[in-house]
Amino acid sequence: HPDDRPRVQAELARFTACQVESLELEFRWLTRCGDWIWVLVRARAAERDAAGRPLRVLGTTVDVTALKKMAEFLAETQAAAHVGGWELNLRTQALS
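Just so you know, these numbers come straight off a predicted model, no measurement behind them. Along each chain, numbering runs from 1 in the same order as the chain's sequence is written. Local features in this predicted model are restricted to residues whose pLDDT is 70 or higher, and side-chain atom pairs enter the listing and the counts only when it is 80 or higher, whereas totals over whole chains, interfaces and linings include all residues. Side-chain numbers here rest on the full set of heavy atoms in the structure, without hydrogens or water.

Along its 12 residues, helix α1 (residues 5-16) runs 16 Å from first to last C-alpha, staying within 8% of the 16 Å computed at 1.5 Å per residue. Secondary structure counts use DSSP, requiring at least four H or I residues in a row for a helix and at least two E residues in a row for a strand, with both numbered from the N terminus. Downstream of α1 by one or two residues, Cys18 has phi in the positive range, about 65°. Each residue after the first adds 1.5 Å to the expected span of a helix.

Below you can see the structure in the form of structure tokens.
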């Protein structure tokens, strides 16, 4: 997606420049059908050259569109109902 491209390219550049060991990115991907889906890409260099640049990369790409839609729906529902999540620390009894 055009809005995601700068961030994705920057992270790929960091990965190929050996600034990070692995990659984990969520971004929108254009399918062959012309639909935009959300994907989660995780990758790591399986082999690097003498300068540390990746020669062989292993990774996965997972469609997380349903997860993103569910999170968006939950946020909208909570906002409409004027409710939210909270957490109670059992040790300190602090509510956040």
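Our next topic: the packing of aromatic side chains. Pairs were defined over the aromatic rings of Phe, Tyr and Trp, the Trp ring being its six-membered one, requiring ring centres within 6.5 Å. Orientation was assigned from the angle between planes: stacked under 30 degrees, edge-to-face over 60, tilted for the rest. For the structure shown, the criterion picks out 1 aromatic pair. Look at Phe27 and Trp29: their rings are 6.2 Å apart centre to centre, the planes differ by 15°, and that puts the pair in the stacked class. What makes Phe27 buried here is its relative accessible area of 13%. With relative accessibility at 39%, the residue Trp29 sits in the partly exposed group. Arg48 extends its terminal NZ or CZ atom over the ring of Phe15, reaching a point 5.6 Å from the ring centre. In this scheme, a residue with accessible area under 20% of its type's maximum is buried, one over 50% is exposed, and one in between is partly exposed, where area comes from a 1.4 Å probe on protein chains only. For a Lys NZ or an Arg CZ to count as sitting over a ring, it must be within 6 Å of the ring centre and within 35 degrees of the ring normal.

The next point concerns the nonpolar core. Here, nonpolar core means buried Ala, Val, Leu, Ile, Met, Phe, Trp, Tyr and Cys residues that are tied together by side-chain atoms lying within 4.5 Å of each other. By size, the foremost hydrophobic cluster in this structure holds 11 residues: Val8, Phe15, Val20, Leu23, Leu25, Phe27, Ile37, Val39, Val41, Ala43 and Ala45. The element contributing the most residues to this core is strand β2 (residues 36-48), with 5 residues. Sequence-distant contacts of Val8, defined by excluding residues within four places in its chain, comprise Leu25 and Phe27. In this analysis, two residues are considered to be in contact whenever any of their non-hydrogen atoms come within 4.5 Å of each other.

All right, on to the side chain of Asp4 then. Examined against the element boundaries, Asp4 turns out to sit in the segment before α1. Overall, Asp4 belongs to the buried group, its relative accessible area being 6%.

Let us look at the sheet that holds β2. Following DSSP output, two strands are said to pair if at least two bridges run between them. Judged by pairing direction, the sheet is antiparallel, and its 3 strands sit side by side in the order β1-β2-β3 without closing on themselves. Of all the strands in the sheet, just β1 (22-30) and β3 (54-63) have a single pairing partner and so form its edges. On average, adjacent strands in this sheet sit at an angle of 30° to one another, irrespective of strand direction. In the sheet, β1 pairs with β2 via 9 bridges, with the strands oriented antiparallel. Directly across from Glu24, in β2, lies its bridge partner Arg42. Lines fitted to C-alpha atoms define the axes, with helix axes restricted to the stretch in contact, and inter-axis angles between N-to-C directions lie between 0 and 180 degrees. The strands touched by α1 within the sheet are β1, β2 and β3, with β1 carrying the most contacts at an inclination of about 150°.

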